[in-house]
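Examining the three-dimensional arrangement
One-letter residues, chain by chain:
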Amino acid sequence: MSDATTTTTKTTARPATGTSGGEDGRAPTPLGRAAAVAAIPKRRTLWQVIYRQKLALTGMCIVGFFLVVALIGPFFAPHGATEQFSAFRLKPPSREFPFGNDEFGRDVLSRLIYGARISFQVGIVSVGISATVGVVLGLIAGYFRGWVDNILMLFMDVLYAFPTILLAIAIMTALGSSVVNVMIAIGIVNVPTFMRVVRGAVLSVRNQTYVEAANAIGASTGRIMLLHIFPNITAPLIVHVSLNFAFAVLAEASLAYLGLGNKPPSPSWGSMISSSYQFLQLAPWAALFPGAALALTVLGFNLLGDGLRDALDPRLRSEA
Amino acid sequence: MLKFILQRVLLLFPVLLGVSLVTFIIVRSIPGDPVDVLLGADRHTTQEQRDAIAKSYGLDQPMPVQYVKWLGHVVTGDLGKSLRTKRPLTQELRLRLPVTVELTLLAGIIGATPALIFGVLAALRRNSTFDWVATVGTLVGISLPNFLLATVMVLIFSFKLKWLPPVGYTPFTKDPVMNLKTMIMPAISLGLPLAAILMRFTRSSVLEVLNQEYVRVARAKGLSQRRVVMRHVLPNAGIPILTIVGIQLAALLGGTVIIEQIFGLPGVGRYIYEAIANRDYPVVQSVTLVMATIFVVVSVVVDVLYAVLDPRLRTR
């Protein structure tokens, strides 16, 4: 509910027209303009939006850095993720092992690099799941309203009533503990917030003149939803995707911390922190480095999402 | 108004019914035989004995029957018994709920106090250095996983300074000082991210009110900044802030799993977590339902309060 109150109310103005219309931004909503035409300049605009917002840019740099680490880091990792150097158990950072060694003598830096992969994999897939389901359901609920909306919202209220982490744990236990199931569990848990954001946005867009016009010339429901409504709700959606990434990465780490999902020898930031917790006094680096990586990644996504929100939300932008 | 309240309250029932159904389905699709849980370490049993045990717990009946029976018991206040300890859940909850509630309230106090003060200040000094620092600070706060905070605090306050115990719990009634000592780190771990969320919200809702016509009017008629803020801004911004505090606290109640686990607190979160790991079906089912009920009821109460406090909502 906290999400809904902060994100659903802003929607009508779209990023595409913002930059062409000048600094103050309150550009009138494009009337009958075909969404497809607007789609090309919009991509550039989003980039410009990010570039202008210093915080968003910082966030993007952090996220970009860790994404690169996740993608190609493992090729450059100094050691294997599960390689054990028994002589170096719990040894502090050294030249050969810049982030120190854990309780099995494994290289913390290498594990951290491999761990980035899990974080991003889970983040991308689970956000993909919740965004897809949330967008479809949100479009349907917001467009048709009435009993369809009521039933869908009721279902979302039910999912929302569960304590998030407990629901994820329960789903994980039922499905079995694996990385794929972590993605599914986090994906399911996040559907309600996505759906609320999308639904709210759709509700404010669906009565615009261009939707009415599309309706009048006989466009099909699917066409209206995809080509006329969807392109106009992307602003809140993009913000929510970014913020949700932060949540998904955090949730993965939390589940891994509890020993769910990622199987032990293979590294995940959450499990690295929990397994080295009992050696905290002897080797704090084994917990603190993955902790810092995790916090930085989540911060990156939050900065990005927050900056985008400020930039894309006309309400916050134009006031004195 | 009455209609609105009635509507919200009536909507509680389908939601809770849904919650109970979803819980039941998830719990019962957890692989493993509950009879094994009941037997514990004792594996030398014949099939007949196992069947008898299953029967005595009603586990031999079809799922829908089990569901309806469970629901019937829950509605009458009988939450059932733990398969493992065989203790009634109501008794167990009476011991554990206070721990979690105390933790949540402490976290709420630790989180809300600075959040409200700094949030209002940041909004009033919009775009100042203070605002910028506060904004970045909240983003950092939101991004810090609570278990990382806990880890760092244990490292500093337990291992380096040796001020606080890293693990353990003392009931408040036994030794209030020791109780606070065991609770303070868990409460901060939960409270700091909460503070960040609340501060962001406070800032944006104060900003929103500052932009209203009536604030401009109040300024135009020559009221001092102090009076404008006290009389016009805070009461109006306060309503949504209070609702968020309520919802966040209710949500926190179910989000204490990891922290209770780290600090060895015998609260509800840890109880459910252990029950899931042990496949203790009745515990997971009933306690999850209780937690969800608390959350849903709090959000309805908050909704209704909002409507009562904000006259604009009454006509809708």
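Residues numbered from 1 in each chain as written. Chains lettered and ligands numbered in written order. Predicted model: local features only at pLDDT ≥ 70, side-chain atom pairs only at ≥ 80, totals over all residues.

Here we take up the overall build of chain B. In terms of regular secondary structure, chain B is built from 14 helices and zero strands. Ordered by position in the sequence, the α and β elements of chain B form the string α-α-α-α-α-α-α-α-α-α-α-α-α-α. Reported as C-alpha extents along the three principal axes, the dimensions of chain B are approximately 85 × 60 × 35 Å. Here chain B holds 316 residues, and 39% of them are scored as buried. At a minimum sequence separation of 6, the contacts of chain B that also span at least 24 residues come to 73%. (Helix = DSSP H or I, 4+ residues; strand = E, 2+ residues; numbered from the N terminus. Buried ≥ 20, exposed ≤ 12 C-beta atoms within 10 Å, placed from the backbone. Contact = placed C-beta atoms within 7 Å.)

The helix and strand tally for chain A stands at 14 helices and zero strands. Listing the helices and strands of chain A from first to last along the sequence gives α-α-α-α-α-α-α-α-α-α-α-α-α-α. Put simply, chain A has 320 residues, and 51% of those count as buried. Restricting to contacts in chain A with at least 6 residues of sequence separation, those with at least 24 account for 72%.

It is worth spelling out the interface of chain A and chain B at this point. Accessible area lost on assembly of the parts is the figure often given for the size of an interface. Listed as interface residues are 40 residues of chain A and, on the opposing side, 44 residues of chain B. If you list the elements that add at least two residues to the side of chain A that touches chain B, you get helix 1 (2-7), helix 6 (146-161), helix 7 (164-175), helix 11 (234-257) and helix 13 (285-312) of chain A. Among the elements that line the side of chain A that touches chain B, the one with the most residues is helix 13 of chain A, at nine residues.

All names here are of chain A. Residue placement: E96 occurs in the loop between helix 4 (54-76) and helix 5 (108-144). Looking at E96, the number of C-beta atoms within 10 Å reads 12, which means it is exposed. Sequence spacing of E96 and Y51 is 45 residues, and the spatial spacing of their C-alpha atoms is 38 Å.

What follows concerns the nonpolar core. A:A168, A:I169, A:V198, B:L198 and B:I272 are the most contacted members of the largest nonpolar core, which totals 171 residues. For this core, the leading source of residues is helix 8 (residues 176-210) of chain B, giving 17 residues. If near-sequence neighbours (up to four positions away) are discounted, B:I272 is found in contact with A:L166, B:V283, B:V284, B:V287 and B:T288. (Core = buried A, V, L, I, M, F, W, Y, C linked by C-beta atoms within 7 Å.)

Okay, unusual backbone geometry next. Positive phi, normally seen in glycine, also occurs at A:R145, with a value near 50°. Tracing the chain through its elements places A:R145 in the loop between helix 5 and helix 6. Despite not being glycine, B:N127 has its phi angle at roughly 70°, a positive value.

Now for helix 5 (residues 89-124) of chain B. A rise of 1.5 Å per residue sets the reference length of helix 5 of chain B, with its 36 residues, at 52 Å; its end C-alpha atoms lie 49 Å apart and thus fit the reference within 8%. Its axis deflected by about 30° at B:R96, helix 5 of chain B carries its strongest bend there, up to four residues before the proline B:P98. (Expected span 1.5 Å × (residues − 1). Bend = angle between axes of the 7 residues up to and from the residue.)

Further remarks concern the packing of helix 6 (residues 129-143) of chain B against helix 8 of chain B. Residues and elements named next belong to chain B. The interhelical angle for the contact between helix 6 and helix 8, taken along N-to-C directions, is 135°, at an axis separation of 8 Å. Here helix 6 lies oblique to helix 8, going by the angle between them. For the element pair helix 6 and helix 8, the recorded crossing hand is left-handed. Taken together, the residues of helix 8 that come into contact with helix 6 (itself represented by A134, T138, G141 and I142) are L192, P193, A195, A196, I197, M199 and R200. Here the residues of the contact of helix 6 with helix 8 sort into eight nonpolar, two polar and one charged. (Axes fitted to C-alpha atoms, helices over the stretch in contact; angles between N-to-C directions. Parallel < 35°, antiparallel > 145°, perpendicular 65-115°, else oblique. Left-handed = near helix turned anticlockwise from the far one by under 90°. Nonpolar A, V, L, I, M, F, W, Y, C, P; charged D, E, K, R; others polar.)

What follows covers helix 4 (residues 63-75) of chain B. Helical geometry: 3.6 residues make up each α-helical turn, so side chains three or four residues apart lie on a common side. Between its first and last C-alpha, helix 4 of chain B extends 18 Å over 13 residues, near the 18 Å set by a 1.5 Å rise per residue. Just downstream of helix 4 of chain B, B:G77 is the residue with a positive phi angle, here 90°.

Now for the packing of helix 11 of chain A against helix 13 of chain A. All names here are of chain A. One way to put it is that helix 11 packs onto helix 13 with a least axis distance of 8 Å and a crossing angle of 165°. In terms of their interaxial angle, helix 11 and helix 13 are classed as roughly antiparallel. The crossing of helix 11 and helix 13 is left-handed. Across from A235, I238, V239, S242, L243, F245, A246, V249, L250 and A253 in helix 11, the residues of helix 13 making contact are L294, T297, V298, F301, N302, L304, G305, L308, R309 and L312. Partitioned by chemical class, the residues of the contact of helix 11 with helix 13 number 15 nonpolar, four polar and one charged.

A few words on the environment of A:R89. Residues and elements named next belong to chain A. Within the element layout of this structure, R89 appears in the loop between helix 4 and helix 5. Remark: the alpha-carbon pair of R89 and A283, spanning 194 residues in sequence, is separated by 9.3 Å. Other than its neighbours up to four places away in sequence, R89 contacts N101, E103, F104 and G105.

The next point concerns the environment of A:T82. Residues and elements named next belong to chain A. Positionally, T82 belongs in the loop between helix 4 and helix 5. With 15 C-beta atoms packed within 10 Å, T82 lands in the partly exposed category. In this structure, the C-alpha to C-alpha distance between T82 and F104, residues 22 residues apart in sequence, is 9.0 Å. Not counting chain neighbours up to four residues away, the residues in contact with T82 comprise R106, P265 and S266.

Residue and element names in this part refer to chain B. Here chain B averages 86 in pLDDT, and 97% of its residues register 70 or above. For chain B, helix 14 (residues 311-314) is the element with the lowest average pLDDT, namely 64, and helix 5 is the one with the highest, namely 91. Confidence estimates for the predicted assembly give a pTM of 0.83 and an ipTM of 0.85. (pLDDT = per-residue confidence, 0-100.)

This part takes up the confidence of the model for chain A. Residue and element names in this part refer to chain A. Within chain A, residue pLDDT values average 80, and 83% of them lie at 70 or more. The model gives residues 1-43 a pLDDT under 50, and that stretch makes 76 contacts with residues more than four places away or in other chains. The low-confidence segment residues 316-320 (pLDDT under 50) makes seven contacts with residues lying over four places distant or belonging to another chain.

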